[in-house]
Amino acid sequence: MTTIGAARFLHDGGWDATKRYFLTAANQSNRLAVIDSRNRRLVALPEVTQVPHPGRGANIDDPKFGPVWITSALGNANITFIGTDPERHRDHAWHAVRVVQGQGGGSLFVKSHPNSRNLWVDTPLNPDPAISQSVAVFDVNDLDAGYEVLPIADWAELGEGPKRVVHPEYNMDGSEVWFSVWSGQEQESAIVIVDDATRTLKHVIKGPEIITPTGKFNVHNTMGDIY
């Protein structure tokens, strides 16, 4: 066992695209801890405001900065891109190279896929129902264009309840994104499936078996750390 000092308090994280570096949120320090798994050492503690909460994060090729890993935040609308390629993009490695604005604070998960042009950002803990019941989606090839908002909870056509939209998860080939629409235990919830290419509704799964759905994981993507 190797013990590596980092910062308080470590919660949620994922691998860079090469599967060598592990990035995890030190959420009460407003930092990320970057670990080199090959050498078992701390590489960097870049600052990321405010209360980063990446889930497993998202890996994309930024059109300007090369390979990056992305986190959103609980405390503000920041979506922060961290450079992850110390070989070909050394000047950009292990610090924030880009920050774009999402719908607001209260985000828990970001997600993308190697076969997709999209970056999805949820905001289930935002106090505004219009924000917590929808998602923002960015074009990774045109990040400066801003985001499109999709009304996931409205598409589910549920009854009363908070209907918080949480945890985008891709299917294996990256053609679909699955969202949980999370209401109370005695209220109707759903899983909404979106066509990734067209950003349109594909299917809704609901019924008495769907109770407060939250995380859901594609086994292939989870085993391969594809995000």
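Structure shown above.
Residues numbered from 1 in each chain as written. Predicted model: local features only at pLDDT ≥ 70, side-chain atom pairs only at ≥ 80, totals over all residues. Heavy atoms only, no water.

Q: It is not clear to me how the packing of aromatic side chains should be interpreted in this structure. Could you clarify?
A: The geometry of an aromatic ring pair is captured by the separation of the ring centres together with the interplanar angle, meaning the angle of the planes. Summed over all chains, the structure comprises four aromatic pairs. Relative to Phe179, the ring of Trp120 lies with its centre 5.5 Å away and its plane at 65 degrees, an arrangement referred to as edge-to-face. Linking Trp120 in strand S10 (residues 118-122) with Phe179 in strand S14 (residues 176-182), this pair joins segments that are 59 residues apart in sequence. No difference in accessibility class separates Trp120 from Phe179, as the two residues are buried. (Phe/Tyr/Trp six-rings, centres within 6.5 Å; stacked < 30°, edge-to-face > 60°. Helix = DSSP H or I, 4+ residues; strand = E, 2+ residues; numbered from the N terminus. Buried < 20%, exposed > 50% of the residue type's maximum accessible area, 1.4 Å probe, protein only.)

Q: Looking at this structure, I do not really get the side chain of Ser107. What am I missing?
A: By the secondary structure assignment, Ser107 is in the loop between strand S8 (96-101) and strand S9 (110-111). Among the residues examined, Ser107 registers a relative accessible area of 2% and is labelled buried. At 2.7 Å, the side chain of Ser107 and the backbone oxygen of Asp122 are in polar contact. For Ser107, the contacting residues outside a window of four places in its chain are His53, Ser72, Ala73, Leu74, Val121, Asp122, Thr123 and Pro124. (Polar contact = N/O pair within 3.5 Å; in protein donor to acceptor, adjacent residues only side chain to side chain. Contact = heavy atoms within 4.5 Å.)

Q: Looking at this structure, I do not really get the pairing of strand S2 (residues 21-26). What am I missing?
A: Regular strands show a simple pattern: their side chains alternate between the two faces of the sheet. Most of S2 is tucked away, with five of its six residues classed as buried. Sheet topology places strand S1 (residues 10-15) next to S2; four bridges connect them, and they run antiparallel. Looking at the pairing, Gly13 lines up with Thr24 of S2. Bridge count for S2 against strand S3 (residues 31-36) is six bridges, and the pairing is antiparallel. (Pairing = 2+ DSSP bridges.)

Q: I'm lost on the pairing of S3 in this one. Help?
A: Of all six residues in S3, five are buried; the element is thus mostly enclosed. Counted between consecutive antiparallel strands, the loop separating S2 from S3 contains four residues, among which Asn30 sits at a positive phi close to 55 degrees. Connecting S3 to the next strand, strand S4 (residues 41-44), in antiparallel fashion are four residues, including Arg40 with a positive phi near 55 degrees.

Q: What's the story with unusual backbone geometry in this structure? I'm lost.
A: For residues besides glycine, phi is generally negative; the peptide bonds are generally trans as well. In this chain, Arg8 is followed by Phe9 through a cis amide linkage whose omega measures -25 degrees. As for its position among the elements, Phe9 is in the segment before S1. The peptide bond linking Thr49 to Gln50 adopts the cis configuration, its omega dihedral lying at -5 degrees. Of note, Gln50 is situated in the loop between S4 and strand S5 (58-62). For Asp12, which is not glycine, the phi torsion reads 75 degrees and is therefore positive. The residue Asp12 is located in strand S1 in this model. A residue is classified by how much of its surface remains accessible, and Asp12, at 27% relative accessible area, is partly exposed.

Q: Help me understand the sheet that holds strand S16 (residues 200-206) in this model?
A: A sheet is described by the order of its strands in space; here four strands give the open sequence S13-S14-S15-S16, paired in antiparallel fashion. Two strands lie at the open edges of the sheet, namely strand S13 (164-170) and S16, each paired on one side alone. Neighbour-to-neighbour, the strand axes of the sheet open up by a mean angle of 25 degrees, direction not taken into account. For S14 and strand S15 (residues 190-195), the ladder comprises six bridges, and the chain directions are antiparallel. Within S15, the residue paired with Glu176 across the bridge is Asp195. (Axes fitted to C-alpha atoms, helices over the stretch in contact; angles between N-to-C directions.)

Q: Would you mind going over the environment of Glu176 with me for this structure?
A: The residue Glu176 is located in strand S14 in this model. For the pair Glu176 and Thr200, spaced 24 residues apart in sequence, the C-alpha to C-alpha distance is 9.9 Å. Leave out the neighbours within four places in its chain, and Glu176 touches Glu169, Tyr170, Asn171, Ile193, Val194, Asp196 and Lys202. Looking at Glu176, its side chain comes within polar contact range of the side chain of Lys202, at 2.7 Å.

Read these as spatial facts, not as claims about activity.
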